[in-house]
Amino acid sequence: MDNVNHPAHYNVGGIECVDVMENVFGRDAVMNFCLCNAFKYMFRCEHKQNKHEDIEKAVWYLNKWISLNTELVK
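It should be emphasised that the depicted structure is a prediction, and the values quoted were computed from it without experimental measurement.

Enquirer: Residues and numbers for the overall build of the protein chain, please.
Expert: Counting its regular elements, the protein chain contains three helices and two strands. The order of helices and strands in the protein chain, counted from the N terminus, is β-β-α-α-α. Counting contacts in the protein chain only where the partners sit at least 6 residues apart, residues at least 24 apart contribute 57% of the total.

Pasting the structure below:
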């Protein structure tokens, strides 16, 4: 199981939660969500036992933001 890139608890029936969020709330809302989540993981990583995993999660959300932004620019 990959706790950073595709955690099982964020995937139902082969569909990832973040993709459903984009369909329901729109790309801009998900982009803001990604920035907030990246901030959250960086903010609390010093207080977690697995600091490395939280930093990887922050990077995942930043990469998702970049991906969504790149789709807008095309």
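Enquirer: Tell me about the environment of Leu 35, and please be specific about residues and values.
Expert: Its place among the elements puts Leu 35 in helix H2 (residues 27-44). The sequence separation of Leu 35 and Asn 63 amounts to 28 residues, and the corresponding C-alpha distance is 9.9 Å. Excluding residues within four positions of it along the chain, Leu 35 makes contact with Leu 62 and Trp 65.

Enquirer: Describe the pattern of salt bridges, and please don't skip the residues or the numbers.
Expert: A side chain of one charge can pair with a side chain of the opposite charge when the charged atoms of the two come close. If you walk through the whole model with that rule in mind, you get six salt bridges. Linked by salt bridges that have partners in common, Arg 44, Lys 48 and Asp 54 make up one network.

Enquirer: So, the nonpolar core: which residues are in play, and what are the values?
Expert: In terms of nonpolar packing, the biggest core is built from eleven residues, these being Val 18, Met 21, Val 30, Met 31, Cys 34, Ala 38, Tyr 41, Ala 58, Trp 60, Tyr 61 and Leu 68. Put simply, the parts of the chain that give this core at least two residues each are helix H1 (17-25), H2 and helix H3 (51-73). Per element, the largest residue contribution to this core is five residues, and it comes from H2. Look past the residues within four positions of Tyr 41 in its chain and what remains in contact with it is Asp 54, Lys 57, Ala 58 and Tyr 61.

Enquirer: Tell me about a nonpolar patch on the surface, and please be specific about residues and values.
Expert: A cluster of nonpolar side chains, Ile 15, Val 20, Val 24 and Phe 25, forms an exposed patch at the surface whose accessible area comes to about 400 Å². Sorting elements by how many residues they give to the nonpolar patch places H1 first, with three residues. One can find Phe 25 in helix H1.

Enquirer: Talk me through the environment of Ala 38; I want residue IDs and the actual numbers.
Expert: Locating Ala 38 in the fold gives a position in helix H2. The class of Ala 38 is buried, set by a relative accessible area of 4%. Separated by 19 residues in the primary sequence, Ala 38 and Lys 57 have C-alpha atoms spaced 7.1 Å apart.

Enquirer: So what's going on with H1? Which residues, and what values?
Expert: Within the sequence span of H1, burial applies to Val 18, Met 21 and Glu 22. For H1, the angular spread of buried residues about the axis comes to 100°, placing them on one side. Away from its buried face by more than 90 degrees, H1 exposes Asn 23 and Val 24. Phi turns positive, to about 100°, at Gly 26, one or two residues after H1.

So, how was this worked out
Residues numbered from 1 in each chain as written. Predicted model: local features only at pLDDT ≥ 70, side-chain atom pairs only at ≥ 80, totals over all residues. Heavy atoms only, no water. Helix = DSSP H or I, 4+ residues; strand = E, 2+ residues; numbered from the N terminus. Contact = heavy atoms within 4.5 Å. Salt bridge = Lys/Arg side-chain N within 4 Å of Asp/Glu carboxyl O. Core = buried A, V, L, I, M, F, W, Y, C linked by side-chain atoms within 4.5 Å. Buried < 20%, exposed > 50% of the residue type's maximum accessible area, 1.4 Å probe, protein only. Patch = residues over 30% accessible without salt bridge, like charges linked within 9 Å, V, L, I, M, F, W, Y side chains within 5 Å. Areas by Shrake-Rupley, 256 points an atom, 1.4 Å probe, with all protein chains shown as cover. Arc of directions from axis to C-beta.

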